[in-house]
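Okay, here's what each chain looks like letter by letter:
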Amino acid sequence: MLTPENITKTDQQAINTIRVLSAEMVQKANSGHPGTPLGAAPAAYALWAGIMNHNPLNPRWENRDRFVLSAGHASALLYSLLHLFGYGLTIKDLQQFRQKGSLTPGHPEFGHTAGVEITSGPLGQGFANAVGFAWAEKFLSTRFNKPDLELVDHYTYVLCGDGCLMEGITSEAASLAGTLKLGKLVVLYDSNKITIEGSTDLAFTEKTAKRFESYDWHVQTVEDGNDVAAILTAISAAKAETDRPSFIEIKTQIGYGAPNKQGKPAAHGEPLGAEEIKLMKENLGHPAEAFVVSTEVKELFAKFAADGAKKNQEWQMLLSRYEKAYRDDYDEWESWNHTEVAPFKFASKMASNEYWHYTDSTATRLSSEIVLNKITDSLPNLIGGSADLAPSTKAVMKEHSYYSPENTGGSNLRFGVREHAMAAIANGMSVHGRLRPYVAGFFVFSDYMKHSMRLSALMNQPVIYIMTHDSIGVGEDGPTHQPVEHLAALRSIPNFTVIRPCDTRETAAAWAIAITRTTSPTALVLTRQNLPLLPGSGKNALNGGYILTDSINPATNLPDIILIASGSEVHLMTQAQEELQKEGIFARVVSIPSFEIFEEQDSAYKQSVLPSEVRIRLAAEAGTSFGWHKYIGLDGDIIAIDHFGASAPAELLFEEYGFTTENVVERAKVLLKK
C-alpha cells in the first residue's frame, strides 16, 4: 500500500505511465481529452494505490470502495488505471479507444467495462450519482452491520473538475450531502482552472472551497497536484472526518508534462500531436516506444492488485462469520441482492385477489399511495421519496420512518426541492446495488429530471419515477405547471417505460410492471383529479393495452369504431361509447396505459385489440398528439392538446379543449361519415 513515507521513483514512473498511456490513447483515436489525465494522474494514483479498497480480480466485490469519474471526458485516465491495475483491459483495448465495439468508449459506460462504476460524461451527473452511492452505503450499514461485524463499510470517491462544479446538479447534490452528513463521501476536485474556452475566470470566479464549507463539508486544499504525499495525507484526513462529506481541492496543471500545451486550453479536448507526445515523453523521462509499460511498473501494480485481493478475501471471511452468527440477517442480505422479485414475496402478492381489490373512485396519485403501501411489506429494500412534495405526490411508505442524520435506517427519503439531483442520486442508489429506489415529483418537473431519467434507461436501472399532476387537470396553476408535451418526451426515451393508468386497478398493474421490470426504469404518470373505477379494468393492463369494454356490430362481427385513450380520458371514452350505442353505433374502448408494454406483445395480441380491419379510430389524451398516429392510422383522429394550457379550473379547461362526451361523440360521427 502506498503511503506518504514510502513513495519511490517507481511510483513516479507509474504516474508518468498513466499520463503517457492516456495521451497515446487520445492520439491514436485522434479524438478525446488528454489534459485532465495528465494533470490528475498523481491524485488518481494516490487514491487507487494508497487509499482505495478494490480488487481487480473481483470488480463487483460488495464492500469495495467506489470510484466515480464525474469528469467522464477524462475516460482515458480511468482506462489507463484499469489496465495497469489488472481489470482486464489490454493494451489492444487502449489502442481501440473510442472505436466501435471497444471496451474503451469515449465516456465510461456502466456494465460495459469492468471497473467502471457508473456511466458518466454529462458533467455533474457522476458527482450526484456518488451521493446516491454514499447514501446507499449509510442506509445498508445501518440495516445490516453489527457491533462486532461491519458487513457494509466502504467509501465513495469522486474525481471532478471545474465543469462539474459549474453544473447546477452538483450544487443540488452537494447541499443535500452536507445536510445528510454523508461522511464516507470524498470528492477530489481537479482544480486546473481551464475550460474549452479558456481560463475559468471567464465565467467561474467563485471561491469554490468556501461554497463547500457553506454546505457543511470538510474542506481541504492541496496546493501542488504533483505532491502525492500531500494528496495521500489529505485523503486520510478526509476519511477521519466521519460526520461530514469531504472536499479536497487539488491544484493541478492541465496537460502537465506536455511542454507546449501544459496549462493551456488546447490541452483540454484535442490530441496533443505526435511531436508533442514525443517531447512529453522526453520531459517525463518515459521510453519513446508507443504504449509501453516497464517491468518495474507492472510489478508495482501487480503488488497493489494483490493487496486488494487480500482485503476482498478478508471481507469474505467476515461474511462467513456473519452468516453463522446472524443467519436471519444474512438471509435477508442475500435476498436483497436478487434482481428477481420472487425472493421479496411480491409475486405472490400480485397473484392475490386482495392486490386487485378496490372500491373507491380516487385520483391515481392516491391510488398509487394505496398500492405502494400494500406492497411495502413484500419489498423491504424499497426506498424513496419526493422533491419536497410528499403531501402532493402521496409517495410515502406509511409504516416506515423518514431518513435523517439521526435515523439512518429510514427508508422514506427527503430530497428537498432538487429534482435533477434526486433522479441522479436514485441512479447511484440503484447502481450501488441491493436497493430499489423510487422518486416522486410533479410531472411537469420531469423536464428538470430528464437527463438523469435518460441515464437510468441507458444504464438499465429499474428506478421508479412517480410523476403526479399529469395534465391540464392541474388547473389553476396554469401552463407552467401543466405538462402537455411530457408524455411524448418520456415515451421517446429508449428502454424507458411510461404508464398512465386510468384508475386504481390499472395503477396496481402499473406498480406490478414497475417492480417486475428489473432492467429498465418506469414512470407512473398519475392524476391530481379523481377518476372513477371502471368495470373491466385491472390485470389486463399488464399487457400495456387491452379491450376495456366492447360493442360488436353483428353484421361485420367487428366494432364500427375503436375509441382509444390513456389515463383520465379512458372514462371519457366509456361515456362516449354508451352515447354512440344509443344511436346504433358499435364502439370498442381500448385503454393503452403504456405504449412500451403494448408494443412488447406479439402481433396476434395487438391485432386482437386493434384489428387492422377497423381503420376508423379516435384517440384522446390530455397531452400532445405526438406519437399517437401509429395507433389511429391515416383514417383516424385524436383529441389532444397541441398547445400550452391556461390558468383556470380543470373542468373548464377539459371542456374548452374538447375533452367532453359530446365532442367525442361528434368527432366519432364525423369519422364514420368519411
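For the structure, check the block above.
Now for a description of the structure that goes with this document.

**Considerations on the pairing of strand 7 (residues 246–251)**
No. 1: Taking burial as the measure, the six residues of strand 7 include five buried ones, the bulk of the element.
No. 2: As judged from the six bridges shared by strand 3 (residues 185–191) and strand 7, these two strands associate in the parallel manner. Across the sheet, residue Ser191 finds its bridge partner in strand 7, namely Lys251.
No. 3: Across five bridges, strand 6 (residues 218–222) lies against strand 7 in parallel orientation. Pairing of Gln220 across the sheet is with Ile248, part of strand 7.
No. 4: In this view, the connection linking strand 6 to its parallel neighbour strand 7 by way of helix 9 (residues 228–240) has right-handed handedness.

**So, helix 19 (residues 504–516)**
Because an α-helix completes one turn every 3.6 residues, residues spaced three or four positions apart along the sequence face the same direction.
No. 1: Between the first and last C-alpha of helix 19 there are 18 Å, a value that for 13 residues agrees with the 18 Å anticipated at 1.5 Å per step.
No. 2: The buried fraction of helix 19 is high, at 12 of 13 residues.
No. 3: Two or three places before Arg505, at the start of helix 19, stands the capping residue Asp503, its side-chain oxygen 3.2 Å from that residue's backbone nitrogen.

**Some points on the side chain of Gln461**
No. 1: For Gln461, the position within the fold is in the loop between helix 17 (446–458) and strand 12 (464–468).
No. 2: A polar atom in the side chain of Gln461 sits 3.0 Å from the backbone oxygen of Met459.
No. 3: Every residue in contact with Gln461, bar those within four places of it in the chain, is listed here: Phe110, Ser430, Val431, Ser456, Thr519, Ser520 and Pro521.

**Brief notes about the pairing of strand 11 (residues 436–442)**
No. 1: Of all seven residues in strand 11, seven are buried; the element is thus mostly enclosed.
No. 2: As paired strands, strand 9 (residues 382–386) and strand 11 are joined by five bridges and run parallel to one another. If you follow Ser386 over to strand 11, its bridge partner there is Ala440.
No. 3: Of the strand pairs in this sheet, strand 11 and strand 12 are connected by five bridges, and their pairing is parallel. Counted as the bridge partner of Gly441 is Met467 from strand 12.
No. 4: Tracing the backbone out of strand 11, into helix 17 and back to the parallel element strand 12 gives a crossover that is right-handed.

**What to know about helix 20 (residues 569–582)**
No. 1: Taking 1.5 Å of rise per residue, the 14 residues of helix 20 would be expected to cover 20 Å, and the 21 Å separating its terminal C-alpha atoms lies within 8% of that figure.
No. 2: Looking only at helix 20, the buried set comprises Glu569, Val570, Leu572, Met573, Thr574, Ala576, Gln577 and Leu580.
No. 3: Looking one or two residues past helix 20, Gly584 carries a phi angle of roughly 80°, positive in sign.

**Describing the nonpolar core**
No. 1: Phe127, Trp135, Leu151, Phe212, Trp217, Tyr465 and Phe496 are the most contacted members of the largest nonpolar core, which totals 78 residues.
No. 2: When residues of this core are assigned to their parent elements, the largest contribution, 11 residues, is made by helix 5 (residues 125–144).
No. 3: Not counting chain neighbours up to four residues away, the residues in contact with Trp135 comprise Leu176, Leu180, Leu182, Tyr403, Leu413, Arg414, Phe415, Ile425 and Met429.
No. 4: By size, the runner-up hydrophobic cluster in this structure holds 61 residues, among which are Ala508, Leu526, Leu534 and Leu671.

**Description of the pattern of salt bridges**
No. 1: By the definition in use, this model includes 30 salt bridges.
No. 2: Close ionic contact of Asp550 with Arg588 constitutes a salt bridge, the shortest N to O distance being 2.9 Å. Of this pair, Asp550 sits in the loop between strand 16 (546–549) and strand 17 (561–565) while Arg588 sits in strand 18 (residues 587–591), and the two are 38 residues apart along the sequence.
No. 3: In this structure Asp550 comes out as partly exposed when scored by relative accessible area, which is 35%.
No. 4: Note on Arg588: relative accessible area 7%, which makes it buried.
No. 5: Connected through shared salt-bridge partners, Arg60, Arg64 and Glu117 make up one network.

**Considerations on the packing of aromatic side chains**
No. 1: Using the criterion set out here, one finds 32 aromatic pairs in the structure.
No. 2: Aromatic side chains Phe212 and Tyr215 sit 5.5 Å apart centroid to centroid with 80° between the ring planes, which places their arrangement in the edge-to-face category. Exposure class is identical for Phe212 and Tyr215. Each is buried.
No. 3: What links up through ring pairs into an aromatic cluster is the set Tyr45, Trp48, Phe67, Phe85, Tyr87, Phe301 and Phe304.
No. 4: Taking NZ or CZ as reference, Arg143 lies 4.5 Å from the ring centre of Phe144, over its face.
No. 5: Across from the ring centre of Tyr326, 5.1 Å away, lies the NZ or CZ of Lys146, which sits over that ring.

**Description of the layout of surface pockets**
No. 1: Its boundaries defined by the atoms lining it, the second largest pocket holds a volume of some 330 Å³.
No. 2: Gly163, Ile194, Thr195, Ile196 and His268 are, among the 25 residues lining the second largest pocket, the residues nearest its centre.
No. 3: When residues of the lining of the second largest pocket are assigned to their parent elements, the largest contribution, four residues, is made by helix 6 (residues 162–166).
No. 4: Residue classes in the lining of the second largest pocket are distributed as nine nonpolar, 13 polar and three charged.

**Quick word on the sheet that holds strand 3**
No. 1: Spatial strand order, 1-2-3-7-6: five strands in an open sheet with parallel pairing. The open sheet terminates on both sides in strands that have one partner only, identified here as strand 1 (66–69) and strand 6. Direction aside, neighbouring strands of the sheet carry axes that sit 15° apart on average.
No. 2: Sheet topology note: the strand 1/strand 2 (residues 156–161) ladder contains four bridges and is parallel. Looking at strand 2, one finds that Val68 is bridged to Val158.
No. 3: Sheet strands touched by helix 5: strand 1, strand 2 and strand 3. Its angle to strand 2, the strand with the most contacts, is close to 170°.

Rules and cut-offs
- Throughout this description, residue numbers start from 1 for each chain and increase along the sequence as written.
- Whole-chain, interface and lining totals are the exception, using all residues; otherwise, since this is a predicted model, local features are given only for residues with pLDDT of at least 70 and side-chain atom pairs are given and counted only at 80 or more.
- In computing side-chain values, all of the structure's heavy atoms are included and hydrogens and water are not.
- Buried residues are those whose accessible area, probed at 1.4 Å on protein chains only, stays under 20% of the maximum for their type, while exposed residues exceed 50% and partly exposed ones sit between those limits.
- Under the DSSP-based scheme used, a helix requires at least four consecutive residues in state H or I and a strand at least two consecutive residues in state E, with every element numbered from the N terminus.
- Whether two strands pair depends on DSSP finding at least two bridges between them.
- Viewed with both strands pointing away, a crossover whose connecting path from the first strand over the helix to the second turns clockwise is right-handed.
- What a helix should span is 1.5 Å times the count of its residues minus one.
- In protein, a polar contact means a hydrogen-donor-capable atom and an acceptor-capable atom, both N or O and within 3.5 Å, with residues adjacent in sequence counting only if both atoms are side-chain atoms; elsewhere, any N or O pair within 3.5 Å suffices.
- A contact between two residues is defined here by any heavy atoms of the two lying within 4.5 Å.
- Working definition of a nonpolar core: buried Ala, Val, Leu, Ile, Met, Phe, Trp, Tyr and Cys residues. They are joined through side-chain atoms within 4.5 Å.
- When a carboxyl oxygen of Asp or Glu lies within 4 Å of a side-chain nitrogen of Lys or Arg, that pair is called a salt bridge.
- Think of it this way: a Phe, Tyr or Trp ring, Trp meaning its six-membered ring, pairs with another when their centres are within 6.5 Å, and the plane angle makes it stacked under 30 degrees, edge-to-face over 60, tilted otherwise.
- Sitting over a ring, as applied to charges here, requires NZ of Lys or CZ of Arg to be within 6 Å of the ring centre and within 35 degrees of the ring normal.
- Using only the protein atoms, space was sampled on a 1 Å grid; points where a 1.4 Å probe fits but cannot get out form cavities, open sets with protein on both sides within 12 Å along at least five of seven lines form pockets, and lining residues are those with an atom within 4 Å of a point.
- Grid points are joined across faces, edges and corners, and a volume is the space filled by probe spheres set on the points.
- Lys, Arg, Asp and Glu make up the charged group, whereas Ala, Val, Leu, Ile, Met, Phe, Trp, Tyr, Cys and Pro make up the nonpolar group; the residues left over, Gly among them, are polar.
- Helix axes are fitted only over the stretch in contact, all axes being lines through C-alpha atoms; the angle between N-to-C directions runs from 0 to 180 degrees.

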